[in-house]
Amino acid sequence: MSKNLPASQDRPALGETIQVYKLDADGTEKLRYPGKVLHTTPSSITLEAIFDLDDRALGDLQLQRGDLFIETHYDDRWYNVFQIRDGQGAPACCNPSLF
């Protein structure tokens with residue numbers, strides 16, 4: 001269970017911009033970026049974020065500035081779900097992941 005999500009009564013409001021912190025297995029911060037809250041449940045937050053870093057490869061996936069991420073983060077599951085669309089809206093990837 002993730003301890004990084006706020007308690008359900010403290011969830012951010014829909015449309016609110018929050019900071020997302022990507023940590024490695026040791027808890028070291030690897031990325032930080034803003035995301036807009038699209039949906040919340042008692043155990044999850046779904047947000048939208050625009051990739052605004054330099055283009056980079058993530059395994060076989062090439063991420064480019066302007067790509068759209070729709071991310072669902074859970075506090076009662078070991079994984080997160082990511083949908084990535086390229087800057088023109090075409091699906092690029094949908095992946096349950098630890099990323």
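Residue indices begin from 1 for each chain and proceed along its sequence in written order. Reporting of local features is limited, given that this is a predicted model, to residues whose pLDDT is at least 70; pairs of side-chain atoms are given and counted only at 80 or more, and all residues count toward the totals for whole chains, interfaces and linings. Side-chain figures throughout are based on the complete set of non-hydrogen atoms in the structure, without hydrogens or water.

S.K.: I keep staring at the pattern of salt bridges and nothing clicks. Help me out?
M.R.: When the charged atoms of two side chains lie near each other, side chains of opposite charge can form a pair. We count a salt bridge whenever a side-chain nitrogen from Lys or Arg sits within 4 Å of a carboxyl oxygen from Asp or Glu. A complete count under the given rule lists 7 salt bridges for this structure. A salt bridge links Arg 32 to Glu 29, with the shortest nitrogen-to-oxygen separation between them at 3.0 Å. For Arg 32, a relative accessible area of 48% puts it in the partly exposed group. According to the relative accessible area criterion, Glu 29 is partly exposed, its value standing at 37%. Throughout, exposure labels follow a simple rule: accessible area from a 1.4 Å probe, protein chains only, divided by the maximum for the residue type, with under 20% read as buried, over 50% as exposed, and the rest as partly exposed.

S.K.: Before we go on, may I ask you to explain the pairing of strand E6 (residues 68-74) in this structure?
M.R.: For a regular strand, side chains alternate in direction, first toward one face of the sheet and then toward the other. Strands here mean DSSP runs of E at least two residues long; helices mean DSSP runs of H or I at least four residues long; both are numbered from the N terminus. Here E6 lies mainly inside the structure; 5 of its 7 residues are buried. By the bridge criterion, 7 bridges tie strand E3 (residues 44-50) to E6 in an arrangement that is antiparallel. Opposite Ser 44, over in E6, you have Tyr 74 as the bridge partner. In terms of strand pairing, E6 meets strand E7 (residues 80-85) through 6 bridges, oriented antiparallel. Pairing of Ile 70 across the sheet is with Gln 83, part of E7. Strand pairing requires that DSSP identify at least two bridges connecting the strands. Taking the residues between adjacent antiparallel strands as the criterion, E6 and E7 are bridged by 5 residues.

S.K.: Before we go on, may I ask you to explain the nonpolar core in this structure?
M.R.: For soluble globular proteins, the rule of thumb is that nonpolar side chains tend to be buried together. Counting residues in hydrophobic clusters, the biggest one holds 14 residues, and the most contacted among them are Tyr 33, Leu 47, Ala 49, Leu 63, Phe 69 and Ile 84. Mapped by element, the contributors of at least two residues to this core are strand E1 (17-23), strand E2 (29-41), E3, strand E5 (61-63) and E7. The nonpolar core is taken to be a set of buried Ala, Val, Leu, Ile, Met, Phe, Trp, Tyr and Cys residues, with the residues joined through side-chain atoms within 4.5 Å.

S.K.: How should the pairing of E2 be read in this particular structure?
M.R.: Bridge analysis of E1 against E2 gives 7 bridges, and the strand direction is antiparallel. Within E2, the position partnered with Ile 18 by the bridge is Gly 35. As consecutive antiparallel partners, E1 and E2 are separated by 5 residues, and within that stretch Gly 27 has a phi angle of approximately 90 degrees, a positive value. Direction of pairing for E2 relative to E3: antiparallel, over a ladder of 5 bridges. Bridging from a neighbouring strand, Thr 41 pairs with Ser 44 of E3.

S.K.: Explanation requested: the packing of aromatic side chains in the structure shown.
M.R.: Any pair of aromatic rings gets described here by the distance separating the centres and the angle formed by the planes. Stacked, edge-to-face and tilted labels apply to pairs of Phe, Tyr and Trp rings (six-membered ring for Trp) whose centres lie within 6.5 Å, assigned for plane angles under 30 degrees, over 60, and everything in between, in that order. Counting across every chain of the model gives 3 aromatic pairs. Plain terms: the ring middles of Trp 78 and Tyr 79 are 5.2 Å apart, the flat faces sit at 75 degrees to each other, and that makes the pair edge-to-face. Judged by its relative accessible area of 66%, Trp 78 is exposed. Among the aromatic residues, those joined into a ring-pair cluster are Tyr 74, Trp 78 and Tyr 79.

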